[in-house]
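# Chain and residue survey
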Amino acid sequence: MSMLIKNKLIEDFISVCRRMYEKGFVSATDGNVSVRLETGTFLTTRTGVNKGIVSAEDIIEVNRQGEVVSGSYAPSTELAMHLFIYLQRPDVKAVVHAHPPYATGFATARQPLTGCVFPEVIVGLGAIPLAEYATPSTLEVVKAIEPFVKQANAILLANHGVVTYGSDLYDAYYKMEKVEHAAHITFVARMLGGENLLSQQDVEKLKSISKDFSDRLACETSDTCKQSGTPGQTENSEDDLKTYIKKYYL
Ligand SMILES: [Zn+2]
């Protein structure tokens, strides 16, 4: 990969980290970002750095086993979650993890954002499911997100935060903004008596005018409330998953 492309990626990387901090999506040294390189390795944030002051030295390169191949710091403690998403989703080029207050509030109240409420979210993101609580920075997180990774593009992590992923750094980051915005507006709507879900017919209309609308995790409409927006089948038992993860990461 050319130095020019890599330098542009590092520039975008720093910009996304700073936006996350400026938006209040992370505090202190929370959160982490990664991007897949053409070479099959990944750039990721080092552990213990404030995202508002990230510089090029804080970005390290790791291989798919999570080993540092370039840089002098240890990678983020949530690296396994990032690598698992890349492994499950060959289309994903960047992953962003943060603790934005409204979305994390919903994750803490254990309320997923799976209703068909906002046209932009239905088209651009699909349902935002809730993964079970898992101790941060352990492989439990990988197990918790597994049922959703292939279908969803954003997942709430119970009592923890949010992970979003997309076709490049900005796509992944903008999904984080969208999740937080949707959570904020939903919160306001609930103060005013509760959000109204769109109907199946409304969603069909959206589908017909959007080229982008693919096989996302379906949101619940006013007709199908509590029936759709369910996770994909868990494909592996806990032991299978541990073996699978060890094969790739340990
Ligand atoms: Zn976190």
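Predicted, not measured: the structure shown is a model, and the values here were computed from it. (Residues numbered from 1 in each chain as written. Predicted model: local features only at pLDDT ≥ 70, side-chain atom pairs only at ≥ 80, totals over all residues. Heavy atoms only, no water.)

Helix and strand counts for the chain come out as eight helices and eight strands. By sequence separation, contacts in the chain at least 24 residues apart represent 66% of the contacts at least 6 residues apart. About 11900 Å² of surface is accessible on the chain, with carbon and sulfur atoms providing 52% of the total. (Helix = DSSP H or I, 4+ residues; strand = E, 2+ residues; numbered from the N terminus. Contact = heavy atoms within 4.5 Å. Areas by Shrake-Rupley, 256 points an atom, 1.4 Å probe, with all protein chains shown as cover.)

For any two helices packed against each other, the geometry is given by the interaxial angle and the distance between the axes. Close contact between helix H3 (residues 101–108) and helix H6 (residues 169–191) brings their axes to 7 Å; oriented N to C, the two are set at 70°. One way to sum up the angle between H3 and H6 is to call them roughly perpendicular. The handedness of the crossing between H3 and H6 is left-handed. Taken together, the residues of H6 that come into contact with H3 (itself represented by Pro101, Tyr102, Ala103 and Phe106) are Val179, Glu180, Ala183, His184, Thr186, Phe187 and Arg190. The residue inventory of the contact of H3 with H6, partitioned by class, reads seven nonpolar, two polar and two charged. (Axes fitted to C-alpha atoms, helices over the stretch in contact; angles between N-to-C directions. Parallel < 35°, antiparallel > 145°, perpendicular 65-115°, else oblique. Left-handed = near helix turned anticlockwise from the far one by under 90°. Nonpolar A, V, L, I, M, F, W, Y, C, P; charged D, E, K, R; others polar.)

Where helix H1 (residues 3–22) contacts H6, the axes come no closer than 10 Å and their chain directions differ by 10°. The angle between H1 and H6 places the two elements in the roughly parallel class. Residue-level inspection shows Leu9, Asp12, Phe13, Ser15, Val16, Arg19 and Met20 of H1 in contact with H6, the latter providing Leu169, Tyr170, Tyr173 and Tyr174. Each residue belonging to the contact of H1 with H6 can be placed in one class, and the counts come to eight nonpolar, one polar and two charged.

A word on a nonpolar patch on the surface. Taken together, the side chains of Tyr102, Phe187, Val188, Met191 and Leu192 present a nonpolar region at the surface, about 510 Å² in accessible area. Broken down by element, the nonpolar patch gets its largest block of residues, three residues, from H6. Summarising the element assignment, Val188 is placed in helix H6. Residue Val188 is classed as partly exposed on the basis of its relative accessible area, which comes to 38%. (Patch = residues over 30% accessible without salt bridge, like charges linked within 9 Å, V, L, I, M, F, W, Y side chains within 5 Å. Salt bridge = Lys/Arg side-chain N within 4 Å of Asp/Glu carboxyl O. Buried < 20%, exposed > 50% of the residue type's maximum accessible area, 1.4 Å probe, protein only.)

The zinc ion binds to the protein through His97 (NE2), His99 (NE2) and His160 (NE2), with metal-donor distances spanning 2.1 Å. For the zinc ion, all donor residues lie on one chain, and their spacing in sequence is H-x1-H-x60-H. On the criterion of sequence distance, the pair formed by His99 in the loop between strand S5 (94–98) and H3 and His160 in the loop between strand S7 (154–157) and strand S8 (161–166) is long-range, its members being 61 residues apart. (Donors = N, O, S within 2.8 Å, 3.2 Å for Na, K, Ca; no water.)

To continue, consider the environment of Ala80. For Ala80, the position within the fold is in helix H2 (residues 79–88). The spacing of Ala80 and Thr138 is 58 residues in sequence and 8.1 Å in space, taken between C-alpha atoms.

One pass over the structure, following the stated rule, counts one cavity of 30 Å³ or more. For the largest cavity, the calculated volume is near 50 Å³. As for the largest cavity, its lining consists of Ala131, Glu132, Tyr133, Ala134, Val141, Ala144, Ile145, Leu157, Ala158 and His160. Partitioning the lining of the largest cavity into residue classes produces eight nonpolar, one polar and one charged. (1 Å grid on protein atoms, 1.4 Å probe; cavity = no way out; pocket = protein on both sides within 12 Å on 5 of 7 lines; lining within 4 Å. Points joined across faces, edges and corners; volume = space filled by probe spheres on them.)

Here we come to the pattern of salt bridges. For the coordinates displayed, the defined rule picks out six salt bridges. Here Glu61 and Lys6 are joined by a salt bridge, their closest N and O atoms 2.8 Å apart. Residue Glu61 is found in strand S3 (residues 59–62), and its partner Lys6 is found in helix H1; the two are separated by 55 residues along the sequence. One exposure class covers both Glu61 and Lys6, and it is buried. Residues Lys8 and Asp12 are paired through a salt bridge, measuring 2.7 Å at the closest nitrogen-oxygen approach. Taken together, the positions of Lys8 and Asp12, both in helix H1 and four residues apart, correspond to about one turn of that helix.

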